[in-house]
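Remarks on the overall topology
Each chain, letter by letter, is given below.
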Amino acid sequence: MKKMKVSAFSLIVAGSMVLAACGEDNTTTNPENGGGETAGLEANIVTIATGGASGPYNIIGSTLAETYSSQYGVNSRTQTTGASVENVNLIKEDKIEMAFTMSDVVSQAVEGTEGFTEPTDKISQIAALYPNYVQIVTTADSGIETFEDLRGKRIAVGDQNSGVEVNARTLLEGYGITYDDIQVDYLGYAEAADGLRAGQIDAAFLTSGLPNASLLELSETLDIRMVSIAPEDVERVAEDQSYFIALEIPADTYGNEEPVPTAAIMNALVVHSDMSEDDVYELTKTFFENLDTLENSHQAAADITLEAAQEGLVAPLHPGAQRYYDEQ
């Protein structure tokens, strides 16, 4: 797994304080509620693992962390990471409280399959979020027109062991293409866009909510082409990997005249199972009460709804989240 770039001091603090509950009264005053009291949290720290700095995970997560800090008076912040796989491992290592991840990675971690050697019971889910669209981008003059044309090309597949890389590898294998058949570059969103712009790679997987900021910026300066995945091919892959669904990237998302058929994977908001029921209840409640704020930070959050939050869960629902849903 990709090494985390954190200081020794940060590791000591995180290791000693994460999940720690103390006897302090964290009840705060909420000015948006007429100055009335807001229930506090037992935990003093709520670290949210996200992904790359330019991705929807980090943009939405940063707004959520600011909301938690303001409402509960706790130290809530985001931790930029290589995304899903690293986020799941951070929870398993008791280093964070909450994370945005792709459902495929959570499913593998809970079941102990693929890159996870044994099942884990440290991950609980708060909600199913919005779909992550598999966005395969190339340049208009690359000669790549179909998915099969990726064979033999230099491809950015996401950060190593990230959720992007996991589903890129799975989809490639669904077409009978292995890493031996392509030249692999492990690049995050921004690095992949830079690589395409510089002509250093032929195509890239950027799996995220819509729009991806790095891809949107690239489309404004470079003549790009989106590579489609036919719905019947998604259904074929989904026979073994049920978390894949067929969706379309809408027309005009990146200057594309027509919708682009592709595969998508639901995102998941997860927490450490050891967090108290009361804390997770409050965190879940605040999350859904501030969906408008989250949407203002990134439009991908517009697809998050209370009604669909329990559909397609891939990890056990945390009792605190369950209590919130039961009240609705």
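Every value quoted in this text rests on a predicted model; they were computed, and no experiment measured them.

What counts and what doesn't
- Residues numbered from 1 in each chain as written.
- Predicted model: local features only at pLDDT ≥ 70, side-chain atom pairs only at ≥ 80, totals over all residues.
- Heavy atoms only, no water.
- Helix = DSSP H or I, 4+ residues; strand = E, 2+ residues; numbered from the N terminus.
- Polar contact = N/O pair within 3.5 Å; in protein donor to acceptor, adjacent residues only side chain to side chain.
- Contact = heavy atoms within 4.5 Å.
- Patch = residues over 30% accessible without salt bridge, like charges linked within 9 Å, V, L, I, M, F, W, Y side chains within 5 Å.
- Areas by Shrake-Rupley, 256 points an atom, 1.4 Å probe, with all protein chains shown as cover.
- Salt bridge = Lys/Arg side-chain N within 4 Å of Asp/Glu carboxyl O.
- Lys, Arg positive; Asp, Glu negative; His and termini not counted.
- Charge placed at Lys NZ, Arg CZ, Asp CG, Glu CD.
- Axes fitted to C-alpha atoms, helices over the stretch in contact; angles between N-to-C directions.
- Parallel < 35°, antiparallel > 145°, perpendicular 65-115°, else oblique.
- Nonpolar A, V, L, I, M, F, W, Y, C, P; charged D, E, K, R; others polar.
- Phe/Tyr/Trp six-rings, centres within 6.5 Å; stacked < 30°, edge-to-face > 60°.
- Buried < 20%, exposed > 50% of the residue type's maximum accessible area, 1.4 Å probe, protein only.
- Lys NZ or Arg CZ within 6 Å of the ring centre and 35° of its normal.

Take the side chain of N290 next. Here N290 shows up in the loop between α9 (277–289) and α10 (291–297). In this structure the side chain of N290 is engaged in a polar contact, spanning 2.7 Å, whose partner is the backbone oxygen of T286. Each residue touching N290, except ones within four places of it in the same chain, is listed here: T67 and Q71.

It is worth spelling out a negative patch on the surface at this point. A cluster of acidic residues, E232, E235, E239 and D240, forms a negative patch on the protein surface. Here E232 lies in helix α8 (residues 231–238).

What follows concerns the packing of helix α4 (residues 103–111) against helix α5 (residues 163–174). Pairs of packed helices are described in terms of their axes, by the angle between the two and the distance that separates them. Look at α4 against α5: their axes get within 9 Å of each other, and the N-to-C directions meet at 90°. Comparing the axis directions of α4 and α5 gives the class roughly perpendicular. Packed against α4, whose contacting residues are D104, V105 and Q108, the element α5 presents G163, V166 and N167 at the interface. Class assignment for the residues of the contact of α4 with α5 results in two nonpolar, three polar and one charged.

Right, let's get into the packing of aromatic side chains. Applying the stated rule across the entire model yields ten aromatic pairs. Here the aromatic rings of F288 and Y325 are separated by 5.9 Å at their centres, their planes lie at 65°, and the arrangement is edge-to-face. Taken as a pair, F288 in helix α9 and Y325 in helix α11 (residues 319–327) lie far apart in primary sequence, 37 residues in all. With relative accessibility at 7%, the residue Y325 sits in the buried group. Taken together, the ring pairs in this structure connect Y281, F287, F288, Y324 and Y325 into an aromatic cluster. Above the plane of the ring of Y281 lies R323, whose end atom (NZ or CZ) is 4.4 Å from the centre.

With respect to the helices and strands, Q183 occurs in strand β8 (residues 183–185). Those residues in contact with Q183, other than ones at most four positions away along the chain, are G152, K153, R154 and I155.

Opposite charge on two side chains lets them pair, provided their charged atoms get close. Summed over all chains, the structure comprises ten salt bridges. Linking D233 and R236 is a salt bridge whose minimum nitrogen-to-oxygen distance equals 3.3 Å. Of the two residues, D233 and R236 both sit in helix α8, three residues apart, roughly one turn of that helix. Exposure remark for D233: the relative accessible area of 19% places this residue in the buried category.

A few words now on α4. Of all nine residues in α4, seven are buried; the element is thus mostly enclosed. Listed in full, the buried residues belonging to α4 are S103, D104, V105, V106, S107, Q108 and A109. The inward-facing, buried residues of α4 contact α3 (84–92), β5 (98–102), β6 (123–139), α5 and β12 (260–272). Where α4 ends, the next residue or the one after it, G112, has phi of about 70°, a positive value.

Quick look at unusual backbone geometry now. With an omega of -10°, the peptide bond between L210 and P211 qualifies as cis. Its location among the elements puts P211 in the loop between β9 (203–208) and α7 (213–219). In this structure, E114 takes a positive phi of about 55° despite not being glycine. Positionally, E114 belongs in the loop between α4 and β6.

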